[in-house]
Amino acid sequence: MISLLKYLFVQNWLRKLISLLITLIIWFVVNNSLTTTKTISGIPIRVVNLPEGKTIKSMQSNGILYHREQLTLTGRKKLLEELNSNDLEIIIDAAHLTHTETIVTITKKNLISLNPELNIQGIQRVVPKRKTIKLSPKIYAKISVHVTYPKGDPPQGYHLLDVWPHQVELTVSGPEDVVQRLQSTGVKLTLDLSSISLAELENLPSHSTSTASDVVSFPVPEEMKVISIPSLSDKEYRLTGPAAENLRIDFIREGKVPLNFLIPITTYLSPMLAQYYHPQNLTIQPNALVETKKGYKTLNMPIYAKGVSESFVDIIKDMLQILVVVAPKHESEKLDWSLQFVNPKFLEERFVAKMMSDNLDEQTKNLQHQHRNDYLRNRFRQMMYRMQLCDAQDKPLDLNIMLKSNHIFITSPQAPDTQEPNKDQSRDTIRETARDSK
């Protein structure tokens, strides 16, 4: 055994060492001289030295095009095995591009390494690739940002009233055709109510004695005033300017406001239906639900309003009515009804005047006069639109209105003492109608 080891490592050791070194050198030279071909996809393209006032559609803010290229490379096998799309970048110099549309040939000279540990000198050849570069005039313009109905749920105990203003402006720059298209269509901003915490609403400055204290106006924070426009930039735009500074979300606290006043019940008959009914013969019949007070037919049950503030109810209480819409006989005997505001323009002016003079309204008094005026008008219209009548159990007011001959009967499952007219009552009303017609 010892003699075998001596034969292997001691005898003629210098020749054996030289042979080993020569073998290693040959292996190293051959291994590094082997070439291969590899196709790499997703290589980014960066455009530099753009002419003044020009840009390229689908180019990001860092000069990289959204579209990536695929190249076929020939070079050292070891280098290509380690290369991927994150190690390379294609550079296109646009300084000498004078035409609106130019075809550029991508070769080895356009390729740079993003990985300092890799020497791309080992790339011997790049299969030429033709790329069309389209220059477009770069313009600056204002576009409309439409603030849409928010998504998500408001904090517990609050209902969304509205977002104001409904539109703001944003100054952008980019390719002429893209910017002009955005000018005609605008972009949308959708705020997320889920990002607003209950503590943020509860900590807003307000006065408990204010008549508008049940309306909470939440100034939209700066981090929510951002919008993405992928056709122009990969970065988000931040909304600025007076309108964006005033951007706010109005909430109203849950609850109902008692309507401790008379709401007259009236009827509406279109002149086109005169062939079926005579307006003077239409009467609302009193019962346990409907009574006559001060010459008005009104509901004899507790009624509440939801979705509005006490100050709003106080302003509109003398100009409100329940309107029964009389339909032709061939459609249905059951009639529809709606809540009507008498002279809403006058009520709006009254609401704005009162709120503008209310020094306790801390949430809006810091707005400029015209902005505050517009804001309060929008608040009034939203409340008028959202006002809903309900009963003491928070259920929407349900009125079952039936037309029998020329008599209108109003009942409600929420008022158990009321009932629909029976057949004898119907016959009596028919007889009365016949007498009236004679």
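Residues numbered from 1 in each chain as written. Predicted model: local features only at pLDDT ≥ 70, side-chain atom pairs only at ≥ 80, totals over all residues. Heavy atoms only, no water.

### Observations concerning helix H4 (residues 176-185)
Item 1. Taken residue by residue, H4 has Val 178, Val 179 and Leu 182 as its buried positions. Each buried residue of H4 sits inside an arc of 95° when the element is viewed along its axis, so together they form one side.
Item 2. Tucked inside the fold, the buried residues of H4 contact strand S9 (129-147), strand S11 (167-175) and strand S12 (187-189).
Item 3. Gly 186 occupies a position one or two residues after H4 and carries a positive phi of about 75°. (Buried < 20%, exposed > 50% of the residue type's maximum accessible area, 1.4 Å probe, protein only. Helix = DSSP H or I, 4+ residues; strand = E, 2+ residues; numbered from the N terminus. Arc of directions from axis to C-beta. Contact = heavy atoms within 4.5 Å.)

### Thoughts on unusual backbone geometry
Item 1. In the segment running from Trp 164 into Pro 165, the intervening peptide bond is cis, with an omega of -5°.
Item 2. By the secondary structure assignment, Pro 165 is in the loop between strand S10 (158-164) and S11.
Item 3. Even without glycine at this site, Asn 49 takes up a positive phi of about 55°.
Item 4. Residue placement: Asn 49 occurs in the loop between strand S2 (45-48) and strand S3 (54-56).
Item 5. Located in the positive-phi region is Ser 58, a residue other than glycine, with phi close to 65°.
Item 6. On the accessibility criterion, Ser 58 (33% relative accessible area) is partly exposed.

### So, a nonpolar patch on the surface
Item 1. A surface patch of nonpolar side chains, amounting to about 360 Å² of accessible area, comprises Leu 14, Ile 18, Ile 22 and Ile 26.
Item 2. Within the secondary structure, Ile 26 is located in helix H2 (residues 13-33). (Patch = residues over 30% accessible without salt bridge, like charges linked within 9 Å, V, L, I, M, F, W, Y side chains within 5 Å. Areas by Shrake-Rupley, 256 points an atom, 1.4 Å probe, with all protein chains shown as cover. Salt bridge = Lys/Arg side-chain N within 4 Å of Asp/Glu carboxyl O.)

### Remarks on the pairing of strand S16 (residues 248-253)
Item 1. The buried count for S16 comes to five of six residues, which makes it a mostly enclosed element.
Item 2. Note: S10 against S16, six bridges, orientation antiparallel. By the bridge assignment for S16, Leu 160 is matched with Phe 251.
Item 3. Pairing between strand S13 (residues 215-219) and S16: five bridges, direction antiparallel. Looking across to S16, one finds that Val 216 is bridged to Phe 251. (Pairing = 2+ DSSP bridges.)

### As for the side chain of Asp 391
Item 1. By secondary structure assignment, the location of Asp 391 is in the loop between strand S25 (388-390) and strand S26 (400-404).
Item 2. Although Asp 391 lies buried, it forms no salt bridge, and the closest oppositely charged side chain, Lys 395, sits 6.0 Å away as judged by the N-O distance.
Item 3. From its side chain, Asp 391 meets the backbone nitrogen of Lys 395 in a polar contact 2.8 Å long. (Lys, Arg positive; Asp, Glu negative; His and termini not counted. Polar contact = N/O pair within 3.5 Å; in protein donor to acceptor, adjacent residues only side chain to side chain.)

### So, the nonpolar core
Item 1. Counting 50 residues, the largest nonpolar core has Leu 299, Phe 312, Ile 316, Met 387, Ile 408 and Ile 410 as its most contacted members.
Item 2. For this core, the secondary-structure elements that each account for two or more residues are S10, helix H7 (310-316), strand S23 (320-325), strand S24 (334-341), helix H8 (344-356), helix H9 (369-386), S26 and strand S27 (407-411).
Item 3. Element by element, the count of residues in this core is highest for H8, at five residues.
Item 4. Non-local contacts of Leu 299, meaning those with residues more than four positions away in its chain, are made with Ile 265, Leu 289, Val 290, Ile 322, Leu 397 and Leu 399.
Item 5. Counting 33 residues, the second largest nonpolar core, distinct from the first, contains Val 145, Val 163, Leu 182 and Val 187. (Core = buried A, V, L, I, M, F, W, Y, C linked by side-chain atoms within 4.5 Å.)

### Some details on the environment of Glu 82
Item 1. Note on placement: Glu 82 falls in helix H3 (residues 77-82).
Item 2. Distance from Glu 82 to Leu 118, taken between C-alpha atoms, is 8.5 Å for residues 36 residues apart in sequence.
Item 3. Every residue in contact with Glu 82, bar those within four places of it in the chain, is listed here: Asp 87 and Leu 118.

### Some remarks on the side chain of Lys 131
Item 1. For Lys 131, the position within the fold is in strand S9.
Item 2. It turns out Lys 131 is buried and unbridged, and the closest side chain with the opposite charge, Glu 69, is 4.3 Å from it.
Item 3. With sequence-adjacent residues up to four places away left out, Lys 131 is seen in contact with Ile 45, Leu 65, His 67, Glu 69, Ile 92, Thr 102, Ile 103, Val 104 and Ile 106.

### Thoughts on the confidence of the model for the chain
Item 1. Counting all residues, the mean pLDDT for the chain is 83, and 84% of those residues have values of 70 or more.
Item 2. When mean pLDDT is compared element by element in the chain, S12 scores highest at 95, while helix H10 (residues 423-437) scores lowest at 41.
Item 3. Low pLDDT (under 50) marks residues 207-212, which in the prediction has 13 contacts with non-local residues, meaning those over four places away or in another chain.
Item 4. Note on residues 422-438: pLDDT is under 50 here. Beyond four places in sequence and across chains, it has eleven contacts. (pLDDT = per-residue confidence, 0-100.)

### Comments concerning the sheet that holds S10
Item 1. The antiparallel open sheet is built from three strands, whose spatial order is S10-S16-S13. Unpaired on one side and paired on the other, S10 and S13 mark the two borders of the sheet. Averaged over all neighbouring strand pairs, the angle between strand axes comes to 25°, with direction disregarded.
Item 2. In the packing of H9 onto the sheet, contacts are made with S10, S13 and S16, and the angle to S10 comes to roughly 135°. (Axes fitted to C-alpha atoms, helices over the stretch in contact; angles between N-to-C directions.)

### Concerning the packing of aromatic side chains
Item 1. Evaluated as defined, the whole model comprises six aromatic pairs.
Item 2. A ring pair is formed by Phe 312 and Phe 380, whose centres lie 5.3 Å apart and whose planes are at 50°; its orientation type is tilted. In this pair, Phe 312 sits in helix H7 while Phe 380 sits in helix H9, placing the two residues 68 residues apart along the sequence. When sorted by exposure, Phe 312 lands in the same class as Phe 380, which is buried.
Item 3. Over the ring of Tyr 375 we find Arg 248, and its NZ or CZ is 5.5 Å from the ring centre. (Phe/Tyr/Trp six-rings, centres within 6.5 Å; stacked < 30°, edge-to-face > 60°. Lys NZ or Arg CZ within 6 Å of the ring centre and 35° of its normal.)

### Some points on the environment of Leu 247
Item 1. Topologically, Leu 247 is positioned in the loop between helix H6 (242-245) and S16.
Item 2. Sequence separation of Leu 247 and Val 147 is 100 residues, and the distance between their C-alpha atoms is 9.4 Å.
Item 3. The residues contacting Leu 247, other than those within four sequence positions of it, are Val 147, Val 163, Trp 164, Pro 165, Leu 189, Phe 218, Pro 219, Val 220 and Lys 225.

### Section: the pattern of salt bridges
Item 1. The final tally for this structure, using the stated rule, is 13 salt bridges.
Item 2. In this structure, the salt-bridge partner of Arg 46 is Glu 89, at a minimum N-O distance of 2.9 Å. Here Arg 46, found in strand S2, pairs with Glu 89, found in strand S5 (residues 88-93); they are 43 residues apart in sequence, far enough to count as distant.
Item 3. Among the residues examined, Glu 89 registers a relative accessible area of 5% and is labelled buried.
Item 4. With a shortest N-O distance of 3.4 Å, Lys 317 and Asp 314 are connected by a salt bridge.
Item 5. Residue Lys 317 is classed as partly exposed on the basis of its relative accessible area, which comes to 38%.
Item 6. Note on Asp 314: relative accessible area 42%, which makes it partly exposed.

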